Amino acid sequence: MGFVQQIYSWFWKTLVNQLLFTYLFVIAFALAIVTFWALFTIKSESIRDLRNSLEVESVHLALEIDSDLSLDSPQATARIQSAVDRHASRLGVSITVVNKSGHVLADSDDRDSAAVEKEGENISDEPEINDALGGIMAFYQRNSAKNRAEWLYVAYPVRSVGETVGVIRIGVPLTGLNQRLNQDLIFFLEIIVATLVTTALISLWLARRFTQPIRHMSELSRQIALSGDITTLVPVQRKDEIGELVSSFNQMIDRLREEEKLKHEFIANASHELKTPTMAISSVVEALQAGAAEDPELRQKFLVSLENLVERQASLLRDLLDIAQLDVSQKNQWQEDVNLAETLNEAIEQIRPQAEKKNIRLNIEMPDVAHIIVGNGIQLQRAFINLLTNAVNYTPANGEVNLGSNVLDHHVELRIEDTGSGIDPKDLPHIFQRFYRADRARTRTSGGTGLGLAITREIIVRHQGRIEVQSTLGEGTTFSVWLPLRREI
Ligand SMILES: Nc1ncnc2c1ncn2[C@@H]1O[C@H](COP(=O)(O)OP(=O)(O)OP(=O)(O)O)[C@@H](O)[C@H]1O
Ligand SMILES: [Mg+2]
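Since this is a predicted model, take the numbers as computed values, not measurements.

## Notes on the pattern of salt bridges
Inference 1: Summed over the entire model, instances satisfying the criterion amount to 24 salt bridges.
Inference 2: Residues Asp240 and Arg238 are paired through a salt bridge, measuring 2.6 Å at the closest nitrogen-oxygen approach.
Inference 3: What makes Asp240 partly exposed here is its relative accessible area of 25%.
Inference 4: Among the ionic pairs, Arg466 bridges to Glu468, the shortest N-O distance being 2.8 Å.
Inference 5: The class of Arg466 is partly exposed, set by a relative accessible area of 42%.
Inference 6: Linked by salt bridges that have partners in common, Glu126, Glu128, Arg142 and Arg169 make up one network.

The following block contains the structure:
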């Protein structure tokens, strides 16, 4: 892997890297631009000021020496030299005066330094002198041919009666200005470094603060994935979005715990329910083997109870299979059009024999038009059978079971009413739980396992419906079911 790729993947590896280096890059970039712009502005403004003052000085000097320039005599040259020296030392600049042919007449550096411009030398090839001899005021910022440093030159053409009689050139080394700019640059760099260090520290601290709970959660998820252990929660220490995320994560774990608990309870209950009839069956068989089979009356009695026990076992297994099937089936698989009246009729026909056996009157009030429910017909029928079976089972002989229906705009309301035993208010909130039976002693003999209503509610809910119960002990029970109807397009 190339170096750039390594850096790239390292950057994306952690949130801390991404936050930290993005901040640092943006800040460094912004500060670099500010620095560049500031130094550039300082330099150009200083040079402009310098240029203006040199221009003014050259005009002053020109006024003093213009008449001597046209004279071209040793006395005139001496006067020019002394004027040049005076101005140069007052201003701290170099001044050179050339005549109209470009020969040096006077130079302020002449006597002290290693003679910048020699007297009498022709310097008309230097760009600013050349421009000024042509009558143009010239500014040049260039490296001096003599000492290699950067200089600013102003060359002023001195005119007399319409022609250029000579040139005054004032030069200032820019070394001082450049040094000052270098110092400024160092100062700016110090500010940049200090800002970057502070930003790095603050964003590292912030990034760690943000990512710590996230790392905590991902560590916990990994543990759950590996060991299935859901005993720990992530501590919630914040009230911001990350705190919310942590709370939702904890809620999810809580939910998992609840599901886990329900699953264990379900398995424990199911095994217990399966064990009871199995043991009863084996003791009946034992009794038959021990000699009960000899006596025809006793044998008949034992065989009938054997039949009941096996039937109970079979019904329990059917319910367990139903529940298991409901748990694994996917919600969106239930999309068929179900004719409500047909489904209800089939359910009624199935329980009619039981009702007739107990001489229970069935009063049926069907919806008048065929209404369609989107879902699963077999499951819906199972739900109706469960409710009707309960109504018949828990109603004493000669009672009544009524089925009422009421079609509203977008849904249908069904009522299954009986004149049975009713349900104790203390049991009412629990009857939809798996394996819950209100009257255990009685239901044991009548074969109930307490799964019917749990299955029923699950089926109704999966059809986006709702089920409620109202009951008065000793008078009767009413189950109300709401189911959405298919919308006619
Ligand atoms: N119409 C009713 N009248 C009185 N009690 C009822 C009625 N329907 C349900 N119950 C009570 O609610 C309990 C739970 O009903 P559910 O149908 O879930 O189980 P079950 O009838 O006991 O067994 P099964 O799983 O065979 O249906 C019943 O044991 C009974 O006590
Ligand atoms: Mg039942």
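## Looking at the site of ligand 1
Inference 1: By nearness alone, 22 residues border ligand 1, and Asn390, Tyr394, Asp418, Gly452 and Leu453 come closest of all.
Inference 2: Between ligand 1 and Asn390 there is a distance of 2.8 Å, counted from an oxygen atom to a side-chain nitrogen or oxygen.
Inference 3: Here an oxygen atom of ligand 1 and a backbone polar atom of Gly452 are 2.9 Å apart.
Inference 4: Here ligand 1 has 590 Å² of accessible area as a free molecule, and 94% of this is covered by the chains.
Inference 5: Grouping the constituent residues of the shell around ligand 1 by class yields 9 nonpolar, 9 polar and 4 charged.

## Focus on the layout of surface pockets
Inference 1: Volume-wise, the second largest pocket comes out at about 990 Å³.
Inference 2: The wall of the second largest pocket is formed by 31 residues, among which Leu262, Lys263, Asp327, Arg434 and Glu458 lie closest to the centre.
Inference 3: In terms of residues, the lining of the second largest pocket owes the most to one element, helix H6 (residues 241-292), which gives 12 residues.
Inference 4: Across the lining of the second largest pocket, the residue classes tally to 12 nonpolar, 3 polar and 16 charged.
Inference 5: Residue contributions to the lining of the second largest pocket reach at least three from each of two domains, namely domain 2 (230-327) and domain 3 (329-484).

## Description of the domain arrangement of the protein chain
Inference 1: Each assigned domain of the protein chain is listed here: domain 1 (3-179), domain 2 (230-327) and domain 3 (329-484).
Inference 2: If you average the C-alpha positions of domain 1 and of domain 2, the two centres end up 100 Å apart.

## Concerning the packing of helix H9 (residues 377-393) against helix H11 (residues 452-462)
Inference 1: Where H9 contacts H11, the axes come no closer than 9 Å and their chain directions differ by 140 degrees. The orientation of H9 with respect to H11, classified from their angle, is oblique. For the crossing formed where H9 meets H11, the hand is left-handed. Of the residues in H11, those touching H9 at Gln379, Leu380, Arg382, Ala383, Asn386, Leu387 and Asn390 are Gly452, Leu453, Ile455, Thr456, Ile459 and Ile460.
Inference 2: For the contact of H9 with H11, the residue count by class is 7 nonpolar, 5 polar and 1 charged.

## A few points about the packing of helix H1 (residues 3-13) against helix H2 (residues 15-71)
Inference 1: Interhelical geometry of H1 versus H2 gives an angle of 110 degrees and a closest axis separation of 5 Å. One element, H1, and the other, H2, form an angle in the roughly perpendicular class. On H2, the residues that touch Trp10, Phe11, Trp12 and Lys13 of H1 are Asn17, Gln18, Phe21 and Thr22.
Inference 2: Grouping the constituent residues of the contact of H1 with H2 by class yields 4 nonpolar, 3 polar and 1 charged.

## Here's the deal with the sheet that holds strand S2 (residues 104-107)
Inference 1: Ordered by their spatial adjacency, 5 strands build an open sheet running S2-S1-S5-S4-S3, and the pairing between neighbours is antiparallel. Both outer strands of the open sheet, S2 and strand S3 (138-143), are each paired with one neighbouring strand and no more. Strand after strand, the sheet turns through a mean of 20 degrees between neighbouring axes, direction not considered.
Inference 2: In terms of strand pairing, strand S4 (residues 150-160) meets strand S5 (residues 163-173) through 10 bridges, oriented antiparallel. Residue pairing in the sheet places Tyr156 in a bridge with Ile168 of S5.
Inference 3: Packed on one face of the sheet, H2 meets strand S1 (94-99), S2, S3, S4 and S5 and runs near 35 degrees to S4.

## Remarks on unusual backbone geometry
Inference 1: Of note in this structure, Val161 is not a glycine but carries a positive phi near 35 degrees.
Inference 2: Relative to the elements of secondary structure, Val161 occurs in the loop between S4 and S5.
Inference 3: When its relative accessible area of 83% is taken as the criterion, Val161 is described as exposed.
Inference 4: With a phi close to 55 degrees, Asn359 is a non-glycine residue in the positive phi region.
Inference 5: Position of Asn359 among the secondary structure elements: in the loop between helix H8 (340-357) and strand S7 (361-364).

## Section: the environment of Asp109
Inference 1: If you trace the backbone, Asp109 turns up in the loop between S2 and helix H4 (127-133).
Inference 2: For the pair Asp109 and Ser89, spaced 20 residues apart in sequence, the C-alpha separation works out to 10.0 Å.

## As for the packing of aromatic side chains
Inference 1: Here the structure, examined in full by the defined rule, presents 9 aromatic pairs.
Inference 2: Ring plane angle 40 degrees and centroid distance 5.4 Å describe the contact between Phe266 and Phe435, whose orientation is recorded as tilted. With a gap of 169 residues between them, Phe266 in helix H6 and Phe435 in the loop between strand S10 (411-418) and helix H10 (440-446) connect regions that are remote in the sequence.
Inference 3: Measuring from centroid to centroid gives 6.3 Å for Phe432 and Phe479, while their planes differ by 90 degrees, and the two rings are edge-to-face. One end of the pair, Phe432, is in the loop between S10 and H10; the other, Phe479, is in strand S12 (residues 476-484), with 47 residues separating them in the sequence. Here Phe432 matches Phe479 in class, with each residue buried.
Inference 4: An aromatic cluster is defined as three or more aromatic residues linked by ring pairs; in this entry it consists of Tyr8, Phe11 and Trp12.
Inference 5: If you follow Arg51 out to its NZ or CZ, it ends over the ring of Phe139, 4.0 Å from the centre.
Inference 6: When the ring centre of Phe266 is taken as origin, the NZ or CZ atom of Arg434, which lies over that ring, is 5.1 Å away.

How each quantity is defined
- Residues numbered from 1 in each chain as written.
- Chains lettered and ligands numbered in written order.
- Predicted model: local features only at pLDDT ≥ 70, side-chain atom pairs only at ≥ 80, totals over all residues.
- Heavy atoms only, no water.
- Salt bridge = Lys/Arg side-chain N within 4 Å of Asp/Glu carboxyl O.
- Buried < 20%, exposed > 50% of the residue type's maximum accessible area, 1.4 Å probe, protein only.
- Near = heavy atom within 4 Å.
- Polar contact = N/O pair within 3.5 Å; in protein donor to acceptor, adjacent residues only side chain to side chain.
- Areas by Shrake-Rupley, 256 points an atom, 1.4 Å probe, with all protein chains shown as cover.
- Nonpolar A, V, L, I, M, F, W, Y, C, P; charged D, E, K, R; others polar.
- 1 Å grid on protein atoms, 1.4 Å probe; cavity = no way out; pocket = protein on both sides within 12 Å on 5 of 7 lines; lining within 4 Å.
- Points joined across faces, edges and corners; volume = space filled by probe spheres on them.
- Helix = DSSP H or I, 4+ residues; strand = E, 2+ residues; numbered from the N terminus.
- Domains from an automatic or database assignment.
- Axes fitted to C-alpha atoms, helices over the stretch in contact; angles between N-to-C directions.
- Parallel < 35°, antiparallel > 145°, perpendicular 65-115°, else oblique.
- Left-handed = near helix turned anticlockwise from the far one by under 90°.
- Contact = heavy atoms within 4.5 Å.
- Pairing = 2+ DSSP bridges.
- Phe/Tyr/Trp six-rings, centres within 6.5 Å; stacked < 30°, edge-to-face > 60°.
- Lys NZ or Arg CZ within 6 Å of the ring centre and 35° of its normal.

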